[in-house]
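# Structural overview
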Amino acid sequence: MTCLCPVFAQTAEQNTYARYMKTGSEQMKTGDYQAARASFEQALRYNDSAFDVHLGLGVAYFNLQDDKYAERELSKAAEISPKTSAAYQYLGELYYRKDDLETAAMYWEKAVALNPSATDIRARLDRIRREHKTEMNFNRDVSSHFLVKFEGREQIEAGRIISRILEDAYGELGRALSYYPDKEIQVILYSGQQFQEVTDAPGWSGGIYDGKIRIPIGGIEQETPGLRKLLYHEYTHAVVRAIAPRCPTWLNEGLAQYIEGRQIDSRQRDILRKIAQAGKIPSLANMEGSFMGLGGSQAQYAYLFSLSSVSYMIDSFGMYRVKGVLNELARGIDTNSSLSNGIQVSYEEFERGWKRSLE
Ligand SMILES: [Zn+2]
């Protein structure tokens, strides 16, 4: 029997809308943005005038790097609810990613005005202002996959050297991981002092990747092995981020060091053996978060453990399977399942094997 009662029909539509919204939100949480987009699009068929659905769809498109549709949906959300900060925050992200710092700052200012407790956005706004001021007089060198920015015409040759090395990295890492980012990657070269001011990076940091590769560099005139390593390292982070936005830090840093060609020397091997025999190697689960807050010597150990565990993984299972782990992480599933699916052993088993290999 068909019910034509308008009240019932409306309620049924609202229920269907709510169901799709709930599914979409859950899919967003697990990082399955494609599925989330499909759910929000379904929800939109039942109610196209709600803030939530346009925001959800906009954020899904944003994560899928589909900027055009992300902007359309986020703008629509902001139009429906101009006093809510979330849409402005993402519009700011969108323009920041496109390197339009002025428009990004404009949206983030709106977001902060509406939500003064958003201290993280305020911090990024401060940083954008510093970054913008620093970059105003920067020159550009555009190679096919990179946009390199630097200050001073005397750095033109340095910009070329860096583009060339990064193009090598693009090819080599592409072959190793069968992955070639299709979006241009930005690289910003700073003087040592500018680097500290703009990034707030800890003193031990040689470079940083935070969506852009940022490197402190002073008047390089020729390629050096150290420069090549630094660029391969930071470019690996860019590739890891492009494949799996959420990657445990030990895996990310281990891979970056492995790709830069860093080797564990005999002195470090001795140190690792002693720590392993004493049962004092920390668990990898405790090295999934950022290393940025670590002090110099703690950081050194964290990097050493990362390189050691990832080298063990590559030697034991092959780069192909390590890439498989990244693909699993990209689906938004946890580290344990990603390892089980990618290298066919559990997190625990892998960790036990690695630690045993050090003794
Ligand atoms: Zn790194």
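Residues numbered from 1 in each chain as written. Predicted model: local features only at pLDDT ≥ 70, side-chain atom pairs only at ≥ 80, totals over all residues. Heavy atoms only, no water.

## Examining the packing of aromatic side chains
This is how the line gets drawn: Whether two aromatic rings pair depends on their centres lying within 6.5 Å, for rings of Phe, Tyr and Trp, where Trp uses its six-membered ring; planes under 30 degrees apart make the pair stacked, over 60 edge-to-face, and the rest tilted. Counting from the N terminus, the helices are the DSSP runs of H or I reaching at least four residues and the strands are the DSSP runs of E reaching at least two. Accessibility here uses a 1.4 Å probe with only protein chains present; expressed as a share of the type maximum, an area under 20% marks a residue as buried, one over 50% as exposed, and anything in between as partly exposed.
The full count for this structure, using the stated rule, is 16 aromatic pairs. Pairing F146 with Y170 gives two aromatic rings, centres 6.4 Å apart and planes at 85°, and the pair type is edge-to-face. Pair noted here: F146 is in strand β2 (residues 146–151) and Y170 is in helix α8 (residues 156–177), with a separation of 24 residues, a long-range link. Residue F146 is classed as buried on the basis of its relative accessible area, which comes to 0%.

## Structural notes on the environment of F62
Stated formally: In this analysis, two residues are considered to be in contact whenever any of their non-hydrogen atoms come within 4.5 Å of each other.
When you line up the elements, F62 lands in helix α3 (residues 51–63). Taking the relative accessible area as the measure of exposure, F62 reaches 10% and is therefore buried. Along the chain, F62 and L94 lie 32 residues apart, while their C-alpha atoms are 7.1 Å from each other. Residue contacts for F62: discarding those within four places in its chain leaves A70, Y90, E93, L94 and R97.

## What to know about the pattern of salt bridges
Pairing is possible between side chains that carry opposite charge, provided their charged atoms lie close to one another. Using the following cut-off: Between Lys or Arg on one side and Asp or Glu on the other, a salt bridge is scored when a side-chain nitrogen of the former is within 4 Å of a carboxyl oxygen of the latter.
Counted under the stated rule, the structure contains 17 salt bridges. With its nearest N and O atoms 3.0 Å apart, the salt bridge here joins D270 to R273. Note that D270 and R273 are positioned in helix α12 (residues 266–277) at a spacing of three residues, about one turn of the helix. When the shortest N-O distance is used, the salt bridge between E328 and R331 registers 2.7 Å. Given a relative accessible area of 15%, E328 falls into the buried group. It is possible to trace a salt-bridge network through shared partners that takes in E109, D126 and R129.

## So, the coordination of the zinc ion
Using the following cut-off: With water omitted from the atoms examined, metal sites may look incomplete; donors here are N, O and S atoms no farther than 2.8 Å from the metal, or 3.2 Å in the case of Na, K and Ca. Only two sets of limits are used to name each site, 85 to 135 degrees for every angle of a tetrahedral four-donor site, and over 155 degrees for opposite donors with all other angles from 65 to 115 for a square planar four-donor or octahedral six-donor site, with any other site named irregular.
On the protein side, the zinc ion has H233 (NE2), H237 (NE2), E253 (OE) and E253 (OE) as donor atoms, found 2.1 to 2.7 Å from it. Here the zinc ion binds four donor atoms, and the angle range of 53 to 151° at the metal identifies the geometry as irregular.

## A short note on the nonpolar core
Rules: Side-chain atoms within 4.5 Å are what join buried Ala, Val, Leu, Ile, Met, Phe, Trp, Tyr and Cys residues into a set we call a nonpolar core.
Ranked by internal contacts, the top residues of the largest apolar core, which has 63 residues, are I162, Y235, W250 and L251. When sequence neighbours within four positions are dropped, the list of residues in contact with L251 reads V310, M313, V322, V325, L326 and L329. In terms of nonpolar packing, the next biggest core, distinct from the first, is built from 37 residues, M21, Y33, F40 and Y61 among them.

## Things to note about the pairing of β2
For clarity, the cut-off: DSSP-based pairing: two strands are paired if at least 2 bridges between them are found.
For β2, a buried count of five out of six residues is recorded, marking the element as mostly surrounded by other parts of the structure. Across five bridges, strand β1 (residues 138–142) lies against β2 in antiparallel orientation. Bridge assignment links V142 to a residue of β2, and that residue is L147. As consecutive antiparallel partners, β1 and β2 are separated by three residues.

## Some remarks on the layout of surface pockets
For the record, the criterion: With a 1 Å grid laid over protein atoms only, a set of points is called a cavity when a 1.4 Å probe fits there but cannot get out and a pocket when it is open yet has protein on both sides within 12 Å along at least five of seven lines; lining residues have an atom within 4 Å of a point. Grid points are joined across faces, edges and corners, and a volume is the space filled by probe spheres set on the points. Gly falls in the polar group here, along with every residue not listed as nonpolar (Ala, Val, Leu, Ile, Met, Phe, Trp, Tyr, Cys, Pro) or charged (Asp, Glu, Lys, Arg).
In this structure, the second largest pocket encloses a volume near 200 Å³. Every residue along the wall of the second largest pocket is listed here: I264, R269, L272, R273, S308, S311, Y312, D315, W354, S357, L358 and E359. Among the elements of the structure, α12, α13 (296–317) and α16 (347–358) are those that each provide at least two residues to the lining of the second largest pocket. Sorting elements by how many residues they give to the lining of the second largest pocket places α13 first, with four residues. Of the residues assigned to the lining of the second largest pocket, the class counts are five nonpolar, three polar and four charged.

## A few points about the sheet that holds strand β5 (residues 213–216)
Quick note on the threshold: Axis definition: a line fit to C-alpha positions, over the contact stretch in the case of helices; interaxial angles, taken between N-to-C directions, run 0 to 180 degrees.
If you walk across this open sheet you meet the five strands as β1-β2-β3-β5-β4, and the pairing is mixed. With one partner strand each, in any of the chains shown, β1 and β4 (208–209) form the two edges of the open sheet. Inspection of the sheet shows β4 paired to β5 by two bridges, in the antiparallel sense. If you follow Y209 over to β5, its bridge partner there is I213. Running over the sheet, α8 touches β1, β2, β3 (185–190) and β5 and is turned about 155° from β2.

## Let's talk about the packing of α8 against helix α10 (residues 225–243)
The test is simple: Here roughly perpendicular refers to angles of 65 to 115 degrees, roughly parallel to angles under 35, roughly antiparallel to angles over 145, and oblique to all remaining angles. Here a crossing is called left-handed whenever its near helix is offset anticlockwise from the far helix by less than a right angle, and right-handed whenever the offset is clockwise.
Where α8 meets α10, the closest approach of the two axes is 9 Å, and the angle between their N-to-C directions is 50°. Taken together, the axes of α8 and α10 lie oblique to each other. Of the two possible hands of crossing, α8 and α10 adopt the one that is right-handed. Contacts between α8 and α10 involve I161, I162, I165, L166, D168, A169, Y170, E172, L173 and L177 from the former and L227, R228, L231, Y232, Y235, T236, V239 and I243 from the latter. Tallied by class, residues from the contact of α8 with α10 come to 14 nonpolar, one polar and three charged.

## A short note on the pairing of β5
Pairing of β3 with β5, which is carried by four bridges, proceeds in the parallel orientation. What sits directly across from L189, in β5, is I215. Following β4, the chain reverses through three residues before pairing antiparallel with β5; G211 in that reversal takes a positive phi of roughly 110°.

## Side note on the packing of α3 against helix α4 (residues 67–80)
In the contact formed by α3 and α4, the axes pass within 8 Å of each other and the chain directions differ by 155°. Judged by the inter-axis angle, α3 sits roughly antiparallel to α4. Between α3 and α4 lies a crossing of left-handed hand. Contact residues: F51, H54, L55, L57, G58, V59, Y61 and F62 in α3; Y69, A70, E73, L74, K76, A77 and I80 in α4. In terms of residue class, the contact of α3 with α4 is built from 11 nonpolar, two polar and two charged.

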